[in-house]
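Each chain is listed here by its residues.
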Amino acid sequence: KELFNERIGLFLDNMKPKATPIKKITLKTLDNIHIINISDIIYCEADGNYTTFYLSNHNKIVVSKLLREYEALLPSAHFMRPHQSYLVNFNHVVRYEKGIKNVLVTTDGQSIPVSSRKREPVMQFLNELH
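These remarks concern the structure in this document.

Parameters and conventions
Residues numbered from 1 in each chain as written. Predicted model: local features only at pLDDT ≥ 70, side-chain atom pairs only at ≥ 80, totals over all residues. Heavy atoms only, no water. Buried < 20%, exposed > 50% of the residue type's maximum accessible area, 1.4 Å probe, protein only. Helix = DSSP H or I, 4+ residues; strand = E, 2+ residues; numbered from the N terminus. Pairing = 2+ DSSP bridges. Axes fitted to C-alpha atoms, helices over the stretch in contact; angles between N-to-C directions.

### Side note on the pairing of strand S7 (residues 86-89)
In step 1: Of the two faces of S7, both are covered, the one formed by Tyr-86 and Val-88 as well as the one formed by Leu-87 and Asn-89.
In step 2: The pairing of strand S3 (residues 41-47) with S7 spans three bridges and is classified as antiparallel. Bridging from a neighbouring strand, Glu-45 pairs with Tyr-86 of S7.
In step 3: Of the strand pairs in this sheet, strand S6 (residues 79-83) and S7 are connected by three bridges, and their pairing is antiparallel. Paired with His-83 across the strands is Tyr-86, a residue of S7.
In step 4: Taking the residues between adjacent antiparallel strands as the criterion, S6 and S7 are bridged by two residues.

### Describing the sheet that holds S3
In step 1: Spatial strand order, S5-S4-S3-S7-S6: five strands in an open sheet with antiparallel pairing. With partners counted over all chains shown, the strands left at the sheet margins are strand S5 (60-63) and S6, one partner each. Shown here is a sheet whose adjacent strand axes are inclined to one another by a mean of 20 degrees, direction ignored.

### A closer look at the sheet that holds strand S10 (residues 111-113)
In step 1: Read across the sheet, three strands follow the order S8-S9-S10 without closing on themselves; strand pairing throughout is antiparallel. One side of each edge strand has no neighbouring strand; the edge strands of this open sheet are strand S8 (93-97) and S10. Direction aside, neighbouring strands of the sheet carry axes that sit 25 degrees apart on average.
In step 2: By the bridge criterion, three bridges tie strand S9 (residues 103-106) to S10 in an arrangement that is antiparallel.

### Remarks on unusual backbone geometry
In step 1: Residue His-58 is not a glycine yet carries a positive backbone phi of 75 degrees.
In step 2: With respect to the element layout, His-58 can be found in the loop between strand S4 (50-55) and S5.
In step 3: Residue His-58 is classed as exposed on the basis of its relative accessible area, which comes to 69%.
In step 4: Even without glycine at this site, Asn-102 takes up a positive phi of about 50 degrees.
In step 5: Take Asn-102: it is sitting in the loop between S8 and S9.

Right, dumping it as structure tokens:
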């Protein structure tokens, strides 16, 4: 019976997901490599071949990588593109202003546009938040 319990314990341990979600990200600029907590990212904005990260400590970091590269890297459980030029951390969204404005308002008071083709996915994302 003891061996059986040990095997069950091993089996259950092996069934646990191994991949732990990433908590930090490195942002490489010309002069520095910044190590950023993902939870500190409010939103990212695309500008051609550059992406600007807006952080909760009011810093901005500009990197020469495309926004879509970070969209693939950051956890989709919290990050979404409401517009082709923005990637938003929904942990930092305080409200969605529907109607004429159609923007997401972030914890730093910024209004992030929601494109007409992203309205439905944004609503679905908001409905699935816990």
